[in-house]
Structure formats: C-alpha cells, structure tokens
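# Breakdown of the fold
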Amino acid sequence: MAIDLRSDTVTQPSQGMREAIAAAPVGDDVYGDDPTVNSLEERVAALFGMEAGLFSPTGSLANQLLIRTLVKPGEELLTEERAHIVRAELGAGAVFSGITTRTWHSERGLLNADAPLALAHESAGPYLVSTTAIAVENTHNFGGGTIQPISEIARLSSAARNRGISMHLDGARIWNAHVATGTPLSEFGKHFDTISVCLSKGLGAPVGSIALSSKERIADVRIWRKRYGGGMRQIGLLAAAGHYALDYNINRLAEDHARAKKIAIALAAHDNSIINPEHVETNIVGLELAATGISAADFAARCKEQGLWVSALGKSYARLVTHLDFDDAQCDEAIAIMKKVLN
Ligand SMILES: Cc1ncc(COP(=O)(O)O)c(C=O)c1O
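Scope of this entry: the structure provided in the associated data block. Note on numbering: residues in each chain are counted from 1, in written sequence order. Per-residue local features are limited, in this predicted model, to residues with pLDDT of at least 70; the limit for side-chain atom pairs, both in listing and counting, is 80 or more; totals at the level of whole chains, interfaces and linings are taken over all residues. Side-chain measures here rest on the full set of heavy atoms in the structure, leaving out hydrogens and waters.

## Section: the overall build of the protein
Keep this limit in mind: For helices the rule is a DSSP run of H or I covering at least 4 residues; for strands it is a run of E covering at least 2, with both sets numbered from the N terminus onward. Note that the radius of gyration is over C-alpha atoms, with the globule rule given as 2.2 Å times the number of residues to the power 0.38. Relative accessible area decides the class of each residue, using a 1.4 Å probe on protein chains only: under 20% of the type maximum gives buried, over 50% gives exposed, and in between gives partly exposed. The contact definition used throughout considers only heavy atoms, calling two residues in contact when any of these lie within 4.5 Å.
For the protein, the helix and strand inventory stands at 14 helices and 12 strands. Computed over C-alpha atoms, the radius of gyration of the protein comes to 20 Å, within 12% of the 20 Å expected from 2.2 N^0.38 for 343 residues, which places it in the range of a compact globule. Over its C-alpha atoms, taken along the principal directions, the protein stretches across nearly 55 × 55 × 35 Å. In the protein, buried positions account for 54% of the 343 residues. Restricting to contacts in the protein with at least 6 residues of sequence separation, those with at least 24 account for 75%.

Take a look at the structure:
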C-alpha cells in the first residue's frame, strides 16, 4: 500500500469513528433539531471560550462565512501572502462578498504583528480602502506548519482592535499549535472575533469545520450558510465523527509532530539545503529542492514510483504532511525512499 503524505486530509475514518457515526442520534439541522450537531457546536465554542458555533462542511466555507460578517463589500481584509484564504479559496471573498484583500510578506508564514499593523488603514474612506479585518493562519499551511507565537497574536489583536479592526483566525490546524505549545484553546478565543477550525485535517474526521463567534454573528452566518446552499439535514452523522475526533485525536497529534521532525532531521542529515529541522514545528514538512537540481514535480513523481505520495506545491517546493494513518514503520520507509530519490 502506498504511503500517502500529500495531506492530513487523506485519513480513513477509524472503526471507532465509524461506530460513533452509526450510533449518532440525529435530526433535521436546518430546523436546529439535530442533537449531535448542537452538542458539537456548543462543545467547540466552549473549548475556545466563544459564544456560539456553526457546523460547516468545509474549512473554506467556514472562513468565507466568517470573514463576510467582518468585512463589508469594498472593504479590506489583510492577511499573509500565502494564507489559505487568499491562495486556495479561489477568490471566494471577492466573488461572493465583494471583499478586497492586501497581503503582507513573511518568512515561513511566521507572524510579526508590525507587518499587518503597518499595512492597515482603518476608516480610510472616501479616497482609500478601509481595513476592517485581519486574518491570521495558525498553524500556517503553506508556510510549513508554522506556529504563530501567542505573544505576537496578542500584540496584533490588541493594537488592531484598538484601531477598530476585527480579528479572524483560520485555525484549520489550531489543534496542532495547541498540542505543540500547550497554549489553551480558550487563549486563542480571547484574541479573535471569529475563528474557523477543521475536524477533517489532523483530527481525522471525514468532513467538518466549525465556525465560531458571538451569538449574533453566528446567527448571521447560519443565514448565509443556508443562502449558499449549505443548510444540511441529518448531519449528526458527521458531527458524531467530530465528537469522536475531539475525544481521541487531539493529544495524539504529538506523534505526527514527532514523525515530521524525524523526517526533517533525516533529510537534513542527507542534504541540509533541503530543510532546517528547527522549522518543522508541527505535522508539515516543507522541502526546498532548488539546490538538488530535482524539480518538485520530478521528486513527487519519483517518490510515487517507490510508493510514497507527496505534494509538489511549487517549482522546487514539495510538502509532506504526517497524520494518524502514518506510523513509525512507514516513517522509516518514507525516509529511505526520499533518500534514494535524492541520491
Ligand atoms: C489553513 C487552511 N485553512 C482552510 C482550509 C480549507 O479547508 P477545506 O479543504 O475543508 O475547505 C485548509 C485546507 O487545507 C487549510 O490548510
């Protein structure tokens, strides 16, 4: 069987998760009648110290529903230049909500509050676009699983809010940041007006994100979810997978982090131009292959021939993501395959 490290979204629901899905009490969630969905939304909101939550089929939709409650058409959202919201949601903020964006540059996606604070221009009308929200991605996917320092988040949030600018967290992998740093989830809740979290990445659920905010904003988000065609019926089946993921799959993320680190150390020992193991903070290993003379596409193709799937995300940038269907033996095998391909 191939070892699939293209993403942490490739996992199979475990037997226990499947049993939880089968046993879930359900109801029509458009009527607010699904007890498993309601309890999941309340549970995740409580974890982050937020007032309310709403189940969303995807992280992209959760992000988009939330930022549209913060930023009106023609206003501006600031985010980092490789953030998922601006690189991988296909312009949804502009297409559906009339949101304009500007981005700041960073190394590895690592937040320095000075960058967005220097860009921000609140109440800029009628000549310039007014900044009304800033989005932070934690961990940063295309930055290589980078953890945002909580001190920097706090500094940005306090300065931005003092200027009347709202804060959004794309927390698709906030669980990884939480496990790696020990920062309580409720601490993140303090610094953001809206948060999206995914259950279908490292936590291993087949589907599901939760949009979090105040009761008022979530009531608005519920209307927009329905308007976009995202009002779903007996989705307690999916919410049950989310409950199971929260019960069993948070703390084990530390194993994914350890395996990612092991890969990074082994590859750096082979060729230290490819990766700095200190930059591997969570479950994502970003490989810069420029100095090896192999393109990322060739690297991915050659690994695939050997039974290892990785993503080629740029000309010379390849990405591996560890997850709950990847064990120690596969980790050793993956390292051996990559060393062979790089020789
Ligand atoms: C940081 C980040 N945010 C949001 C998303 C969107 O999640 P989905 O694929 O469920 O739309 C992803 C997906 O990989 C992501 O990495």
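Picking up after the structure, the text goes on.
## Thoughts on the sheet that holds strand β7 (residues 194-198)
Where we set the bar: At least two bridges found by DSSP between two strands are what make those strands a pair. Orientation is described by axes fitted as lines to C-alpha atoms, over the contacting stretch for helices, and by angles from 0 to 180 degrees between their N-to-C directions.
Here seven strands make up an open sheet; going across it, the order is β2-β8-β7-β6-β5-β3-β4 and the pairing mixed. For this open sheet the edge positions go to β2 (52-56) and β4 (100-104), each flanked by a neighbour on one side alone. On average, adjacent strands in this sheet sit at an angle of 20° to one another, irrespective of strand direction. The pairing of strand β6 (residues 166-171) with β7 spans four bridges and is classified as parallel. Bridge pairing in β7 places leucine 169 opposite isoleucine 195. Its contacts with the sheet place helix α3 (residues 59-70) against β2, β3 (76-80), β5 (131-137), β6, β7 and β8 (209-213), and it is angled at close to 180° to β7. Set on the sheet, helix α10 (residues 215-227) makes contact with β2, β7 and β8; between it and β2 the angle comes to about 20°.

## Remarks on the sheet that holds strand β12 (residues 317-321)
Spatially, β9-β12-β11 is the arrangement adopted by the three strands of the open sheet, whose pairing is antiparallel. Lying at the two open borders of the sheet, with one neighbouring strand each, are β9 (284-288) and β11 (311-312). Bridge analysis of β11 against β12 gives two bridges, and the strand direction is antiparallel. In the sheet register, alanine 312 faces β12, and the bridge partner there is alanine 318.

## A word on helix α12 (residues 253-270)
Condition: Helix span, as expected, comes to 1.5 Å for every residue beyond the first.
For α12, built from 18 residues, the straight-helix expectation of 26 Å at 1.5 Å per residue is met to within 8% by its first-to-last C-alpha distance of 26 Å. Those residues of α12 that sit buried are Leu253, Asp256, His257, Arg259, Ala260, Ile263, Ala264, Ala266, Leu267 and Ala268. Buried residues along α12 sit in contact with α8 (174-181), β9, β12 and α14 (328-342).

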